[in-house]
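Residue-level structural notes
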There are 2 protein chains.
Amino acid sequence: MDLSGGFACPLPISEYPRVLLAHGGGGRLSQQLIRSMFLSRFDSALLAPMHDGAVLPVGDQRLAFSTDSYVVHPVFFPGGDIGSLAVHGTVNDLAMCGARPLYLSAGFIIEEGFAMDDLWRIVCSMQAAARTAGVQLVTGDTKVVDRHKGDGIFINTSGVGVIPPGVEIDPRRARPGDRVLLSGSIADHGMAIMSVREGLEFETELRSDTAALNGLVDAMLSAGRQIHVLRDPTRGGVASALNEIADSARVGIRIDEEAIPIADSVKGACEILGLDPLYVANEGKLIAIVGPNDADAILATMQRHPLGRDAVVLGEVTADHPGTVVMKTRIGGSRVVDMLSGEQLPRIC
Amino acid sequence: MDLSGGFACPLPISEYPRVLLAHGGGGRLSQQLIRSMFLSRFDSALLAPMHDGAVLPVGDQRLAFSTDSYVVHPVFFPGGDIGSLAVHGTVNDLAMCGARPLYLSAGFIIEEGFAMDDLWRIVCSMQAAARTAGVQLVTGDTKVVDRHKGDGIFINTSGVGVIPPGVEIDPRRARPGDRVLLSGSIADHGMAIMSVREGLEFETELRSDTAALNGLVDAMLSAGRQIHVLRDPTRGGVASALNEIADSARVGIRIDEEAIPIADSVKGACEILGLDPLYVANEGKLIAIVGPNDADAILATMQRHPLGRDAVVLGEVTADHPGTVVMKTRIGGSRVVDMLSGEQLPRIC
C-alpha cells in the first residue's frame, strides 16, 4: 500500500537515506527535515511561522499549544533532571509565544527495568517544577518498552496557554533598529550535561540553568509594549535561535561578542571539549527582540527579576545582510555566525 | 539532593523495585502505577476523573486536552501504521470526552538509522488521517536517540478540542438502568498486531480497526441527549474499560457474552495464542453508556454510521455488585470479568 498518496518525499533521500543524530540536533539538518518533510505535509497555516508553539483561535481566545519530547542523557544532572526540564521546556515554549502557560500533559516512555524510585524522584520533580511555574499537570500517559528498546525514560510534555489580548509575539516581527536582549549567561545547560557525560571536574560545579521563564516574561510584558520576538535558545544555542529569527523576519542581526555573558568555568569546559558556546543549549534563558524605545525599560525590568539579573543588550536588528547574523569580535573584526550544520551535542534535552 | 521533597513513594517499591512491561499494559499494574505515583503528586482536581483526557475551563469554553505516546511494534501493520494510529488514538481520546477534536501536536523520538522513506510514509499517513478526521497538525518536535536506545520510532500526539455546551460525558455518570452499547467487533487491532509479530497466517488477513471516532460521536450526540459515558477500549480491551467505568461510577455492569461481536478469524487467532479477546486492544471502537430512553435511537444512529454498522447492546448498568463487571456466558452461567492483572500484550499501541 502506498501510504504517501503518491507524494514524493521532498527530502533528498539518496543523500540521507537514514535518520542521523544530527537530524535531531537543532541545526541545519533538523531544519531541513522539519521543512521538507513535516511542513510540506502538515500544511497548516498555523504551522508556518516556525514558532516554539502554535497560536490557535478557540472561540474569542488565542491559545498557544506546544509539544516537546525530552530524551536528555543522563536523566539526573547538576541543577535538574529530565522531569523538571520537561516542565520548564514546554512552559518556556508557551511563554515564548507570549502566552500564560496553564496546563501541561505528561507522556512517559519507560524502558523495562527502570528503577521505580528514580521514576518517583522524577515525578516529584515535575510536580515541584509545575507548582513553581504555576501550571497544572492535567493529563498523562505511560508506556513501557522492552529492555534495550529505550533508554531509561523519555518524557513528552505538551502545554496549553492563553495569549493575553494585545500581545503579538512572532519571529517575523523583528525589524531594523530593534534591540536584541539576552537574559543571562549562555551555555550553562549544555555544559552541565557534557561535564557529567565526559566526567569533567571543575572547581565550581557546572549547573544547568533549567528554569521556567513565564514569570520573567510576565514582568517584561508589563514593562513595555514593544516586545516583538521572544525565543529560548535551547538546542542549537543562541546562534541557531538568532539565525532562525533573522531568516523568519528577513532581517540582519548584529551582535557584540564582548556583550555575551558566559561563566569562566563554562568557557573553560567549552575550550576543553572544543565546543563553541554560541551553539550550546540553554534551558533558562531567553532572547527578546524589542523596539528601541522600550529597550531600556524592558532591560531594567529583566535585571530586577531573579532569572534576568545578568541581562544584557546583545546587539541589534539591521536592514543590512538580511537572513544573516554577524558578530563583532572581541578584537574588532566581524564574522558571520552561521546556522549550526550537523550535530554538536546529541540528547542535550 | 532529595527531589521527592521528603514524600515517600506510595507505591510499594520493595514489591516492584523496577518498572515492568506490565506497568504499561493497561491492566491492574498500570492503574496502580498511575494512581499511587502520578495521581498522588499531580494532585490536580482536573486529573481525578481518570478520563481519557482532561476537561479544562478556558475563558467561557470547556477544552478537552489529551496525550498519548505510541510505541507500537511493528510500526507498519495490516490496516494502518504508527502514524495513523497516533492521530486516531488522540482524536478518539478527545471524542470520548465529548469534545470536537481540533488541533494535534506530534512529537517524534526516532532511533538513529531509521529509514528516511519509512519516516516519510508515516508522516504522509498522519497527514491523511488528520485530514479524514478533520483535525489540524499544528506543532511538532523531533528528537533523535542513539542506535539501540530506541526502537525505530515512537510518536507522541497531544490534542485539544472543544466540548459543545450541554455535553456532559464523564465515567462517573453511569447509573443503574443505563444501557451499555458497543460500536462493533472486538479485538481486531490487537490481533492484527499479534498476527504480524507471531507470523500467523489466516485465510482472511487480520486488519487493525484503527479509525477516528469523532464523526460517529458527533452523530450519536445529535441522536440523543442521554449519553453518559464514552470510552474507547484500547489497551486492556473491553474488559478493562468496563471495569474502570464500574469503578469510577461505583455501579455494577452486566454484559451478555452472546451479544459480543467478534470475527471468526480473530476468535481463532485468540484461541491459538491463548488470549481472551475481552482484554485485547481495539483502536476504532467505542463503548457508550446511555440512558434507557435514548438507547434505541442512539443505537440506530450508530448502525447507520460506517464505523458503527455492527453496533450492539452489550448489557446494562446495575445497582448490584458495584465496581464489578459480570458476564452472562453463552451456556447460561455468569462469571466475573476482572481487571487485567499483569501484561497481556506489550506495545500494542
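Small disclaimer: the values here were computed from a predicted structure and weren't measured.

1. Remarks on the domain arrangement of chain A
All names here are of chain A.
- Each domain of chain A was delimited in the assignment, giving domain 1 (52-163) and domain 2 (171-336).
- Listed per partner, the contact involves 20 residues of domain 1 and 22 residues of domain 2.
- Summed over both partners, the interface of domain 1 with domain 2 comes to about 1,800 Å²; 59% of that surface belongs to carbon and sulfur atoms.
- It is Pro 78, Asn 92 and Met 96 in domain 1 that bury the most area against domain 2; as a group they hold 32% of the surface buried on that side.

2. Considering the sheet that holds strand S6 (residues 136-145) of chain A
All names here are of chain A.
- Here five strands make up an open sheet; going across it, the order is S1-S2-S7-S5-S6 and the pairing mixed. Only two strands of the sheet have a single neighbouring strand rather than two, namely strand S1 (54-58) and S6. In this sheet, neighbouring strand axes are inclined to one another by 20° on average, regardless of whether the strands run parallel or antiparallel.
- Two elements, S1 and strand S2 (residues 61-70), share five bridges in a ladder whose sense is antiparallel. When the sheet's bridge partners are listed, Val 58 is paired in S2 with Gln 61.

3. Quick word on the relation of the copies chain B and chain A
- Note on the copies: chain B fits chain A at an RMSD of 0.0 Å, the axial shift is 0.0 Å, and the rotation between them is 180°. Here the transformation between the copies is reduced to the relation of a two-fold axis. Among all residues of chain B, the minimum C-alpha distance to the rotation axis is found for Gly 150 of chain B, at 2.1 Å.
- Of all interface residues in chain B, 100% are interface residues in chain A too; the two copies therefore contact each other through one and the same surface.

4. What to know about the environment of Gly 98 of chain B
Residue and element names in this part refer to chain B.
- With respect to the secondary-structure elements, Gly 98 resides in the loop between helix H2 (82-95) and strand S5 (100-111).
- Residue Gly 98 is classed as buried on the basis of its relative accessible area of 2%.
- Distance in space between the C-alpha atoms of Gly 98 and Glu 168 is 7.2 Å, their sequence separation being 70 residues.

5. So, the pattern of salt bridges
- Counting across every chain of the model gives 42 salt bridges over all chains.
- Between Arg 207 of chain A and Glu 205 of chain A there is a salt bridge; the shortest N-O distance is 3.5 Å.
- Connected via shared salt-bridge partners are Asp 68 and Arg 235 of chain A together with Asp 141 and Lys 143 of chain B.

6. Section: the interface of chain B and chain A
- Taken together, the contact between chain B and chain A spans 95 residues of the former and 95 residues of the latter.
- Taken together, both faces of the contact between chain B and chain A bury some 8,000 Å²; the carbon and sulfur share is 68%.
- In this assembly, chain B and chain A are joined by eight salt bridges.
- The residue Asp 146 of chain B makes a salt bridge to Arg 347 of chain A at a minimum N-O spacing of 2.8 Å.
- The interface formed by chain B and chain A includes 23 residue pairs in polar contact (both at pLDDT 80 or more).

Each value, and the rule that gives it
Residues numbered from 1 in each chain as written. Chains lettered and ligands numbered in written order. Predicted model: local features only at pLDDT ≥ 70, side-chain atom pairs only at ≥ 80, totals over all residues. Heavy atoms only, no water. Domains from an automatic or database assignment. Contact = heavy atoms within 4.5 Å. Buried area = accessible area lost by both parts, 1.4 Å probe. Pairing = 2+ DSSP bridges. Helix = DSSP H or I, 4+ residues; strand = E, 2+ residues; numbered from the N terminus. Axes fitted to C-alpha atoms, helices over the stretch in contact; angles between N-to-C directions. Least-squares fit on C-alpha atoms with pLDDT ≥ 70 in both. Buried < 20%, exposed > 50% of the residue type's maximum accessible area, 1.4 Å probe, protein only. Salt bridge = Lys/Arg side-chain N within 4 Å of Asp/Glu carboxyl O. Polar contact = N/O pair within 3.5 Å; in protein donor to acceptor, adjacent residues only side chain to side chain.

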